[in-house]
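So you can see what is in the structure, the chains are spelled out below.
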Amino acid sequence: MWNYEKRLQYPVKISETNPKLAQAIITQFGGPDGELAASMRYLSQRYTMPYKEVTGTLTDIGTEELAHMEMISAIVYQLTRDLSIEEIKASGFDKYYVDHTLALYPIAASGMPWTATYFQSKGDPITDLTEDLAAEQKARTTYDNLIRLCAGHAEIVDPLRFLREREIVHFQRFGESLRIVQENLDSKNFYAFNPEFDCH
Amino acid sequence: MSGQPCKKEMLDHINAVSFSALEAQLYLNTHPCDKCALESFYECNKMRNKALREYATYYGPLTIDTATASCSDRWNWIQEPWPWQEGGC
């Protein structure tokens, strides 16, 4: 179960509106390497994970990703609040507006709605953790790209830099998790059996 | 408002100690026997719980566990702005 804290993990205070940048940043809400996919990936993978260190890591990072999803949503919300119909037309936000008005909806920058096909929960710890390591790097690259796009907008870049840094920390923790998994396997043949299936 | 601690300073402190506690928590999952990290977690968590209770008495609850910290005859959980709103945390 979960408890809600009525604060963001790191503050988001953006005074400007900028629907053009919002349409790019929303990809970290509902895009292929976004926070929603990250959270669902880790929280789905953890049930069959046989090693307690790794189950804990998946649970706690999966939970932190929900807090990141809230930060991204806050950025998008603040960048699109009180838009006039002229601003909506001029910025190209009209295609989003017609379906969602100014509400939050998980889509990629391309407009593709969020889908569970963005992640895998494979039931093999080496496979899943290798995906998790890649996912953190893909998210880091996305933040690098967003930070370049948002250059000169300090209030937007600041929380994006925080989120980028978290990808690096999570990559480190998943690397340690993969090491722990391998230490529990036959060091001469990591693939001798699948500890999530063959070890009952 | 003299006598009342600064809201922003309190919140910055809560964010800082919560972040430190979370960092220790994630690290401890893969290093459960690290005494230094354990100590850091206990210390940060203690400061966090204290700060959350203090904040709730002045500015309303940030967690449901501190929702009754300020004795009041109304439900305070929904009174203060939500985190994404103007004046929120």
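All values reported here derive from a predicted model rather than from experimental measurement.

## Considerations on the overall build of chain A
Alright, step 1. Secondary structure assignment for chain A yields eight helices and zero strands.
Alright, step 2. Written out in order from the N terminus, the α and β elements of chain A read α-α-α-α-α-α-α-α.
Alright, step 3. Dimensions of chain A along its principal axes, counting C-alpha atoms only, are 65 × 30 × 30 Å.
Alright, step 4. Classification of the 200 residues of chain A by burial places 50% in the buried group.
Alright, step 5. The contacts of chain A with a sequence gap of at least 6 include a subset with a gap of at least 24, amounting to 77%.
Alright, step 6. On chain A, roughly 9500 Å² of surface is accessible, and the fraction owed to carbon and sulfur atoms is 56%.

## What to know about the interface of chain B and chain A
Alright, step 1. The interface is formed by 28 residues belonging to chain B together with 29 residues belonging to chain A.
Alright, step 2. Roughly 2400 Å² is buried in total at the junction of chain B and chain A, and carbon and sulfur atoms are behind 52% of that figure.
Alright, step 3. Of all residues in chain B, L26, T30 and W84 of chain B give up the largest surface area on contact with chain A, accounting jointly for 25% of the area buried on that side.
Alright, step 4. For the interface between chain B and chain A, the tally reads two salt bridges.
Alright, step 5. In this structure, the salt-bridge partner of R166 of chain A is E23 of chain B, at a minimum N-O distance of 3.0 Å.

## So, the side chain of E53 of chain A
Alright, step 1. Structurally, the position occupied by E53 of chain A is in helix α4 (residues 52-80).
Alright, step 2. Of the side chains with opposite charge, K52 of chain A comes closest to the buried, unpaired E53 of chain A, at an N-O distance of 4.2 Å.
Alright, step 3. In this view, E53 of chain A contacts I180 of chain A together with N29 of chain B; residues no more than four positions away in its chain are not counted.

## Points about the environment of R53 of chain B
Residue and element names in this part refer to chain B.
Alright, step 1. Tracing the chain through its elements places R53 in helix α2 (residues 35-59).
Alright, step 2. C-alpha separation for the pair R53 and T68, spaced 15 residues apart in sequence, amounts to 9.4 Å.
Alright, step 3. Those residues within four positions of R53 in sequence are excluded, and the remaining contacts are T66 and A69.

The rules behind the values
- Residues numbered from 1 in each chain as written.
- Chains lettered and ligands numbered in written order.
- Predicted model: local features only at pLDDT ≥ 70, side-chain atom pairs only at ≥ 80, totals over all residues.
- Heavy atoms only, no water.
- Helix = DSSP H or I, 4+ residues; strand = E, 2+ residues; numbered from the N terminus.
- Buried < 20%, exposed > 50% of the residue type's maximum accessible area, 1.4 Å probe, protein only.
- Contact = heavy atoms within 4.5 Å.
- Areas by Shrake-Rupley, 256 points an atom, 1.4 Å probe, with all protein chains shown as cover.
- Buried area = accessible area lost by both parts, 1.4 Å probe.
- Salt bridge = Lys/Arg side-chain N within 4 Å of Asp/Glu carboxyl O.
- Lys, Arg positive; Asp, Glu negative; His and termini not counted.

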